[in-house]
Amino acid sequence: MMKSKKFWALLLALAMVLSLAACGGGSDNSGSPADSGSTSVVAPEDQTAGDTGSDQADADSDLAYVRGNGKLVVGYTVYEPMNYTDADGNFTGFDTELARAVCERLGVEPEFQEIIWETKEVELAGKSIDCIWNGMTLDAEREANMNCTVPYVKNAQVVVVKAGTEYTDTASLAGKTVVAEVGSAGEAQIIGGEDSEPDAGLAQADYVGKSVQTDCLMEVKAGTADAAVLDLTLANAMTGEGTDYADLEIVDELAVENYGVAFRKGSDVRDAVNDIFAEMVADGSLKALADQYNLELAD
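Remember, predicted model here, so these are calculated numbers, not experimental data.

The next point concerns the packing of helix 5 (residues 94-106) against helix 12 (residues 285-292). Their axes nearest at 10 Å, the elements helix 5 and helix 12 cross at an angle of 160°. On the basis of the axis angle, helix 5 is roughly antiparallel to helix 12. Once helix 5 is placed against helix 12, the crossing between them reads as right-handed. Between helix 5, through Phe-94, Glu-97, Leu-98 and Arg-105, and helix 12, the contact on the second element is made entirely by Ser-285, Leu-286, Leu-289 and Ala-290. For the contact of helix 5 with helix 12, the per-class residue count stands at 5 nonpolar, 1 polar and 2 charged.

What follows is the structure, given as structure tokens:
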């Protein structure tokens, strides 16, 4: 009987020990939920919030758009010495070569697309081209409607007539046929522009607009126009001895101006190109190219 009592006493003691151990285990683990709760958990939407902003910035970047396409579509018209095909069939010119050099530094390929000058802003805004790079005269209207680069080449508007034509000043052309490229700075000299008055003498002429400046020279050469008003850079390259228009001459200089490249309104490609222009001025490569085409860099 005594043996049985001892057995049951030991069994009861063992049960109490096991019970205390179980309670102690629960007490040791009580800190785990608190530690777990102190860990910061980022919601899925919070994890992607920063990336969404970056993606939106890229979507708004014209430079990202151009680099994503791997090319810069350059809008141009045939205009020697800026963009033209030489006697060997090579597409070249100051603006052509400059665009190629800039695109190399941007990490994209240039793609040249001939445009109608009159609708250049529409094509630019519609993204059929990425820029207008074609001896474009800078003026207040263009700079208000597009993102234009700093000036890079000097120019002027000049009057071109057949050699031997009697000419003293623009008043000599009153009642005569004068041609210019539609939408050009030359046209503004004849009929005025949004921010400029026409030349008093040219305003008395009979104006006929042409699609490109080279057509203006053809009209004067053929005798279907008495004079053309166009860019000095083109006139210097295409008239005089040794050219197809050896019988034409420059008789008057009307306005000194500067050329720039136009990008879409708000485009950040403009700023990248401005930076490259500054690099090319600093390393002398821009002047070397201008000298090759007998052009003068803007101040």
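This is not the end of the story, as more comes after the structure.
The next point concerns the side chain of Asp-231. Mapped onto the fold, Asp-231 is located in strand 10 (residues 227-231). Summary of buried charges: Asp-231 has no salt-bridge partner, and the nearest side chain of opposite charge, Arg-142, is 7.9 Å away. At 2.8 Å, the side chain of Asp-231 and the side chain of Tyr-79 are in polar contact. Those residues in contact with Asp-231 that lie beyond four places of it in its chain are Tyr-79, Gly-135, Thr-137, Asn-155, Ala-156, Gln-157, Val-158, Gln-213, Glu-257 and Tyr-259.

On to helix 12. Buried residues of helix 12: Leu-286, Leu-289 and Ala-290, and no others. Buried residues in helix 12, looked at end-on, bunch into an arc of 100°, giving them a common side. Tucked inside the fold, the buried residues of helix 12 contact helix 5 and helix 11 (269-283). The positive-phi residue at the C-terminal boundary of helix 12 is Asn-294, with phi of around 55°.

Rolled over the atoms, a probe as big as a water molecule pinpoints where empty space is left. All told, the structure shown has 1 cavity of 30 Å³ or more when counted by the stated rule. For the largest cavity, the lining is made up of 17 residues, of which Gly-135, Glu-181, Ser-184, Gln-213 and Asp-231 are closest to its centre. Secondary-structure elements contributing two or more residues to the lining of the largest cavity are strand 5 (131-137), helix 8 (185-191) and strand 10. Element by element, the count of residues in the lining of the largest cavity is highest for strand 5, at 4 residues. Taken together, the residues of the lining of the largest cavity sort by class into 6 nonpolar, 8 polar and 3 charged.

Turning to the layout of surface pockets, a few remarks are in order. One number sums up the size of the largest pocket: a volume of about 430 Å³. As for the largest pocket, its lining consists of 23 residues, of which Asp-139, Glu-141, Ser-184, Ala-188 and Gly-193 are closest to the centre. Those elements giving two or more residues to the lining of the largest pocket turn out to be helix 6 (120-125), helix 7 (140-145), helix 8 and strand 11 (248-263). Of the residues forming the lining of the largest pocket, the biggest block, 5 residues, is contributed by helix 8. Grouping the amino acids of the lining of the largest pocket by side-chain chemistry returns 5 nonpolar, 8 polar and 10 charged. By volume, the second largest pocket is sized at about 290 Å³. In terms of lining residues, the second largest pocket is bounded by 15 residues, among which Leu-232, Thr-233, Asn-236, Asn-294 and Leu-295 are the most central. Of all the elements in the fold, those that place two or more residues in the lining of the second largest pocket are strand 7 (153-162), helix 10 (232-238) and strand 11. Here the residues of the lining of the second largest pocket sort into 8 nonpolar, 4 polar and 3 charged.

What counts and how
Residues numbered from 1 in each chain as written. Predicted model: local features only at pLDDT ≥ 70, side-chain atom pairs only at ≥ 80, totals over all residues. Heavy atoms only, no water. Axes fitted to C-alpha atoms, helices over the stretch in contact; angles between N-to-C directions. Helix = DSSP H or I, 4+ residues; strand = E, 2+ residues; numbered from the N terminus. Parallel < 35°, antiparallel > 145°, perpendicular 65-115°, else oblique. Left-handed = near helix turned anticlockwise from the far one by under 90°. Contact = heavy atoms within 4.5 Å. Nonpolar A, V, L, I, M, F, W, Y, C, P; charged D, E, K, R; others polar. Buried < 20%, exposed > 50% of the residue type's maximum accessible area, 1.4 Å probe, protein only. Lys, Arg positive; Asp, Glu negative; His and termini not counted. Salt bridge = Lys/Arg side-chain N within 4 Å of Asp/Glu carboxyl O. Polar contact = N/O pair within 3.5 Å; in protein donor to acceptor, adjacent residues only side chain to side chain. Arc of directions from axis to C-beta. 1 Å grid on protein atoms, 1.4 Å probe; cavity = no way out; pocket = protein on both sides within 12 Å on 5 of 7 lines; lining within 4 Å. Points joined across faces, edges and corners; volume = space filled by probe spheres on them.

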